[in-house]
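Breakdown of the fold
Below, each chain spelled out in residue letters.
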Amino acid sequence: MAVKIRFARIGRHDDPFYRIVVADSRYSKDGRYIEQIGYYNPKGEMKDVVINEEKARDWLAKGAIPSDSVKALLSKKGLLHKTGK
């Protein structure tokens, strides 16, 4: 089972809003997930990115693989440098 940290889109048409979730790679993109660790509003500033750093570090330590988009957000928040990934 490959666990990924990725976006799950919610929100209306032309008004995107994303949950940052930990999910099995076999689950559908916007479907079932294991745990929600934050959210991201792309129409706002960086203050609209909320990530539970403790949970994110825990899942990265367990071997969860972030998607490219989530990896960029984690590196901007400085979480990838703290975990050594």
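Look a little higher up for the structure.
Quick summary incoming for the structure in this document. (Residues numbered from 1 in each chain as written. Predicted model: local features only at pLDDT ≥ 70, side-chain atom pairs only at ≥ 80, totals over all residues. Heavy atoms only, no water.)

1. Some details on the pairing of strand S1 (residues 3–12)
As paired strands, S1 and strand S2 (residues 15–24) are joined by ten bridges and run antiparallel to one another. Within the sheet, the bridge partner assigned to Val3 lies in S2 and is Asp24. Linking two consecutive strands that pair antiparallel, namely S1 and S2, is a turn of two residues; a positive phi of about 65 degrees is found at Asp14 within it. Where S1 and strand S5 (residues 65–66) come together, two bridges link them in parallel fashion. Paired with Lys4 across the bridge in S5 is Ile65. (Pairing = 2+ DSSP bridges. Helix = DSSP H or I, 4+ residues; strand = E, 2+ residues; numbered from the N terminus.)

2. Details of the environment of Ile65
Position of Ile65 relative to the elements: it lies in strand S5. Residues Ile65 and Ala23, spaced 42 residues apart in sequence, show a C-alpha to C-alpha distance of 10.0 Å.

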